[in-house]
Amino acid sequence: DQQVKQNSPSLSVQEGRISILNCDYTNSMFDYFLWYKKYPAEGPTFLISISSIKDKNEDGRFTVFLNKSAKHLSLHIVPSQPGDSAVYFCAANTFGNEKLTFGTGTRLTIIP
Amino acid sequence: NAGVTQTPKFQVLKTGQSMTLQCAQDMNHEYMSWYRQDPGMGLRLIHYSVGAGITDQGEVPNGYNVSRSTTEDFPLRLLSAAPSQTSVYFCASSVSTKSPAEQYFGPGTRLTVT
């Protein structure tokens, strides 16, 4: 049972426009959510996170939105840049639990 | 700091062979973990450790053993490799065992079992 789902395997966006990556989860016990970015032949790198007590968190061009009632989160990248082309993983866990559950990833391609 | 290092980068094994994937971190992190990444499956947790001498199973532990004798090292052992273990393996560490989600990942080991 996939507890964290990323239903779009790929997404293409024009440079300068907004990229929106989506993630849904089924486990209502999750209270901490993260986005990781992965380039080919490298390990994932932590991008941004959000606690369930918030509905929005910003860090520069990256904003994560959380809708707990819908069990949905999204990552907005504005403006999109060619260096943003990567695979993005959504992840979730329960605070104090050592296990992190990942989604299947979305490959984002920024078109110059 | 070198961060999280993994060796080897690539490995080809025959079915039934054994090997150890090495992982080390120089950040004095208590929490370390192993994941495998397969197409369409995301990253799945194999084993993890919250400190030296303490290990536990993740989502897909079968066929793998781990030990944690020091804070720095967390090797992953395949006792009898199977084609189903063909994957990319990532080691990760985190400073906090209470909130281990913000993890630092190594560059990965690509393993092929024939």
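Placed above this text is the structure.
Report on the accompanying structure. (Residues numbered from 1 in each chain as written. Chains lettered and ligands numbered in written order. Predicted model: local features only at pLDDT ≥ 70, side-chain atom pairs only at ≥ 80, totals over all residues. Heavy atoms only, no water.)

**Description of the nonpolar core**
Inference 1: Formed by 23 residues in total, the largest nonpolar core has its most connected members in A:F33, A:W35, A:L73, A:L75 and A:Y88.
Inference 2: Breaking this core down by element, the ones donating at least two residues are β3 (19-25), β4 (32-38), β5 (45-51), β7 (62-67), β8 (72-77), β9 (86-93) and β11 (106-111) of chain A.
Inference 3: The element that contributes the greatest number of residues to this core is β9(A), accounting for four residues.
Inference 4: With 20 residues, the next largest nonpolar core counts B:L21, B:V66, B:L78 and B:L111 among its residues. (Core = buried A, V, L, I, M, F, W, Y, C linked by side-chain atoms within 4.5 Å. Buried < 20%, exposed > 50% of the residue type's maximum accessible area, 1.4 Å probe, protein only. Helix = DSSP H or I, 4+ residues; strand = E, 2+ residues; numbered from the N terminus.)

**Things to note about the packing of aromatic side chains**
Inference 1: Counted by the stated rule, this structure contains twelve aromatic pairs over all chains.
Inference 2: The interplanar angle of 85° and the centroid separation of 6.3 Å between the aromatic rings of A:F89 and A:F102 together place this pair among those described as edge-to-face. Of this pair, A:F89 sits in strand β9 while A:F102 is found in strand β10 (residues 101-102), placing the two residues 13 residues apart along the sequence.
Inference 3: With relative accessibility at 1%, the residue A:F89 sits in the buried group.
Inference 4: Seen in terms of ring centroids, A:F102 and B:Y35 are 5.4 Å apart; in terms of plane orientation they differ by 85°. Their pairing is edge-to-face. (Phe/Tyr/Trp six-rings, centres within 6.5 Å; stacked < 30°, edge-to-face > 60°.)

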